[in-house]
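Chain by chain, the residues run as shown.
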Protein chains: 2
Amino acid sequence: MRIMDTAERLIESTRELLWERGYVGTSPKAILERAGAGQGSMYHHFKGKPDLALAAVRRTVAEMRAEVDALLSAPGTARRRIAAYLGRERDALRGCPVGRLTMDPDIVASDELRAPVDELFDWLRHRLAEVVREGRARGELPATADPEQLAAAVAATVQGGYVLARAAGSAEPFDRAVEGILALLAAAGAA
Amino acid sequence: MRIMDTAERLIESTRELLWERGYVGTSPKAILERAGAGQGSMYHHFKGKPDLALAAVRRTVAEMRAEVDALLSAPGTARRRIAAYLGRERDALRGCPVGRLTMDPDIVASDELRAPVDELFDWLRHRLAEVVREGRARGELPATADPEQLAAAVAATVQGGYVLARAAGSAEPFDRAVEGILALLAAAGAA
DNA sequence: GTCTATATCTCGATAGAC
DNA sequence: GTCTATCGAGATATAGAC
């Protein structure tokens, strides 16, 4: 483990807790305990819980975007790159660290905290739509396919897959949903 | 508005708050204020917050299941009934009152509270799979389509559509995702 | 910069009057 | 059955020593 200064440890602890318990379910006290810091440190480096959460969310969003962009920009057919994105998940039961935040009332109520989440999913949908357009141009996907619609369906399948998996207490429904959308894309491509 | 006794008002207030703020974000105090009741009433009728939440969740799940079953059991082609389910939503920004609970750490951590959520989505996936099987038998969907996979993809599209909509602060991504999966089902059917 | 002490609320629950 | 009073604990933030 790299050596981290206090501000860094606070941000990392907050990222973990936001993922595990959400914004409403995460207390400054829990963050401090996990980071091994005292009250004073947190309020020295950050204005308060919302400010620290904002730093944590921004970092999680940046990391996610870089990872997904790498998959969608890799060489290969459009369908293969979409499949790579869909197959990215390793532990569906943990859910998406960004999508999770949309169910947090205090995140959605705050324009500042919602902004990075909004931007990520906006970027994701447009990036996926580009890939769909490339697939159409190469004849992998039918020219009638609306790129924005397919992109939204693919992104929704992943986010909804987490919901189904967490409800079931098993990753299986996530995997099924991913296989289902891939089968539909393949069938549509063959049409 | 029908006249409701105190226990009834407590359950209904809890249902609303669980939908709006989730389990972690809902306090007994908020429930009591909305229900217009005092502390004593709640602890007379229910053992505590988890017990009241369980009653609320069970009712929400039962209501949802009855509504969706009506749509999926109506006359019409398989694709038309799936479209009716996908088009059921009126206000995507509110999210799903059941799916929302899967992002609540205290719900997922409790076997008792998660059980009704699990059962609903389990039922939904199998009911959708039945409809897919009927569609296959009638030649509306290709015989190669795996019913369980398509069912999971359809259910995930709805749940993920809520995530995208709430991130965007707009119902549009939800609608796009629904149109996308419907277009794919239509294209696969034509294949 | 980091710590401990403190302040003020709220949480979730209990006690006991009526 | 419903109310108010009260409880111990935790949430979020501030104060001030070091």
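Residues numbered from 1 in each chain as written. Chains lettered and ligands numbered in written order. Predicted model: local features only at pLDDT ≥ 70, side-chain atom pairs only at ≥ 80, totals over all residues. Heavy atoms only, no water.

By the naming in an unreviewed UniProt entry, chain A is TetR-family regulatory protein, taken from Streptantibioticus cattleyicolor.

A. Just the overall build of chain A, in detail. A tally of helices and strands in chain A yields nine helices and zero strands. The order of α-helices and β-strands along chain A, N terminus first, is α-α-α-α-α-α-α-α-α. Seen along its three principal axes, the alpha-carbon backbone of chain A occupies a region of about 65 × 35 × 30 Å. Per-residue burial over chain A gives 52% buried out of 191 residues. When contacts within chain A are restricted to residue pairs at least 6 apart in sequence, long-range pairs at least 24 apart make up 66% of them. Put simply, chain A shows about 8300 Å² of open surface, and 51% of that area lies on carbon and sulfur atoms. Each charge class in chain A can be summarised by its mean position, and for the 26 positive and 27 negative side chains these summaries are 2 Å apart. (Helix = DSSP H or I, 4+ residues; strand = E, 2+ residues; numbered from the N terminus. Buried < 20%, exposed > 50% of the residue type's maximum accessible area, 1.4 Å probe, protein only. Contact = heavy atoms within 4.5 Å. Areas by Shrake-Rupley, 256 points an atom, 1.4 Å probe, with all protein chains shown as cover. Lys, Arg positive; Asp, Glu negative; His and termini not counted. Charge placed at Lys NZ, Arg CZ, Asp CG, Glu CD.)

B. Broad picture of helix 1 (residues 6-21) of chain B. Residues and elements named next belong to chain B. Counted at 1.5 Å a residue, the expected span for helix 1 with its 16 residues is 22 Å, and the 22 Å between its end C-alpha atoms agrees. Within helix 1 the residues assigned to the buried category are Ala7, Leu10, Ile11, Glu12, Ser13, Thr14, Arg15, Leu17 and Leu18. Buried residues in helix 1 make contact with helix 2 (28-35), helix 3 (39-45) and helix 4 (49-73). One or two residues past the end of helix 1 sits glycine 22, with phi positive at roughly 75 degrees. (Expected span 1.5 Å × (residues − 1).)

C. Quick look at the protein's contact with DNA strand C. Surrounding DNA strand C, one finds 16 residues, the nearest of these being A:Thr6, A:Gly38, A:His45, B:Pro28 and B:Gln39. Contact distances for DNA strand C include 2.7 Å between a phosphate oxygen and a side-chain N or O atom of A:Thr6. A distance of 2.7 Å is found between a phosphate oxygen of DNA strand C and a backbone nitrogen or oxygen belonging to A:Gly38. Considering every element that reaches the surface near DNA strand C, the biggest residue donor is helix 3 (residues 39-45) of chain A, with five residues. (Near = heavy atom within 4 Å. Polar contact = N/O pair within 3.5 Å; in protein donor to acceptor, adjacent residues only side chain to side chain.)

D. Broad picture of the relation of the copies chain B and chain A. Mapping chain B onto chain A leaves a residual RMSD of 0.1 Å; the transformation is a rotation of 180 degrees accompanied by 0.0 Å of translation along its axis. In short, the pair behaves as if placed about a two-fold rotation axis. Measuring from the rotation axis to each C-alpha of chain B, the shortest distance belongs to B:Gly160, at 1.9 Å. A symmetric contact is evident, with 100% of the interface residues of chain B recurring at the interface of chain A. (Least-squares fit on C-alpha atoms with pLDDT ≥ 70 in both.)

E. Just the protein's contact with DNA strand D, in detail. The local shell around DNA strand D holds 16 residues, among which A:Pro28, A:Gln39, B:Thr6, B:Gly38 and B:His45 are the closest. One nitrogen or oxygen atom from the side chain of A:Gln39 is found 2.5 Å from a base nitrogen belonging to DNA strand D. At 2.6 Å, a backbone N or O of B:Gly38 approaches a phosphate oxygen of DNA strand D. Of all the elements in the fold, those that place two or more residues in the surface near DNA strand D are helix 2 (28-35) and helix 3 of chain A together with helix 3 of chain B. In terms of residues, the surface near DNA strand D owes the most to one element, helix 3 of chain B, which gives five residues. Of the residues assigned to the surface near DNA strand D, the class counts are three nonpolar, 11 polar and two charged. (Nonpolar A, V, L, I, M, F, W, Y, C, P; charged D, E, K, R; others polar.)

F. Quick look at helix 9 (residues 172-190) of chain A. Here helix 9 of chain A spans 27 Å end to end across 19 residues, near enough to the 27 Å set by a 1.5 Å rise per residue. Among all positions in helix 9 of chain A, only A:Pro173, A:Phe174, A:Ala177, A:Val178, A:Gly180, A:Ile181, A:Leu184, A:Leu185, A:Ala187 and A:Ala188 are buried. Packed against the buried residues of helix 9 of chain A are helix 5 (78-86) and helix 8 (147-168) of chain A together with helix 7 (111-137), helix 8 (147-168) and helix 9 (172-190) of chain B.

G. Region of interest: the interface of chain B and chain A. Opposite the 47 residues of chain B that make contact, chain A presents 47 residues. The largest per-residue losses of area from chain B upon contact with chain A belong to B:Met103, B:Arg166 and B:Leu184, which jointly make up 18% of the total buried on that side. Taken together, chain B and chain A are joined by two salt bridges. Salt-bridge contacts for A:Asp106 lead to B:Arg21; the nearest nitrogen and oxygen are separated by 3.5 Å. Taken together, the elements giving at least two residues each to the side of chain B that touches chain A come down to helix 1, helix 6 (105-109), helix 7, helix 8 and helix 9 of chain B. A total of 17 residues in the side of chain B that touches chain A trace back to one element, the largest contributor, which is helix 8 of chain B. (Buried area = accessible area lost by both parts, 1.4 Å probe. Salt bridge = Lys/Arg side-chain N within 4 Å of Asp/Glu carboxyl O.)

H. Local environment of the UniProt feature "domain: HTH tetR-type" (unreviewed entry) in chain A. The sites that carry the UniProt feature "domain: HTH tetR-type" (unreviewed entry) are, in the present numbering, residues 4-64 of chain A. Its end C-alpha atoms 21 Å apart, residues 4-64 of chain A is made of 77% helix and 0% strand. (UniProt positions renumbered as here; feature names shortened; annotations may be inferred.)

I. Summary view of the UniProt feature "DNA-binding region" (unreviewed entry) in chain A. UniProt feature "DNA-binding region" (unreviewed entry): in the numbering of this structure it lies at residues 27-46 of chain A. Summarising residues 27-46 of chain A: 75% helix, 0% strand, and an end-to-end C-alpha distance of 14 Å.

J. Quick peek at the packing of aromatic side chains. All names here are of chain A. Per the stated rule, a full pass over the model turns up two aromatic pairs over all chains. Aromatic side chains tyrosine 162 and phenylalanine 174 sit 4.9 Å apart centroid to centroid with 40 degrees between the ring planes, which places their arrangement in the tilted category. Of this pair, tyrosine 162 sits in helix 8 while phenylalanine 174 sits in helix 9; the two residues are 12 residues apart in sequence, bridging distant segments of the chain. In this structure, tyrosine 162 and phenylalanine 174 share a single accessibility class: buried. It is arginine 94 that lies over the ring of tryptophan 19; its NZ or CZ is 3.8 Å from the centre. (Phe/Tyr/Trp six-rings, centres within 6.5 Å; stacked < 30°, edge-to-face > 60°. Lys NZ or Arg CZ within 6 Å of the ring centre and 35° of its normal.)

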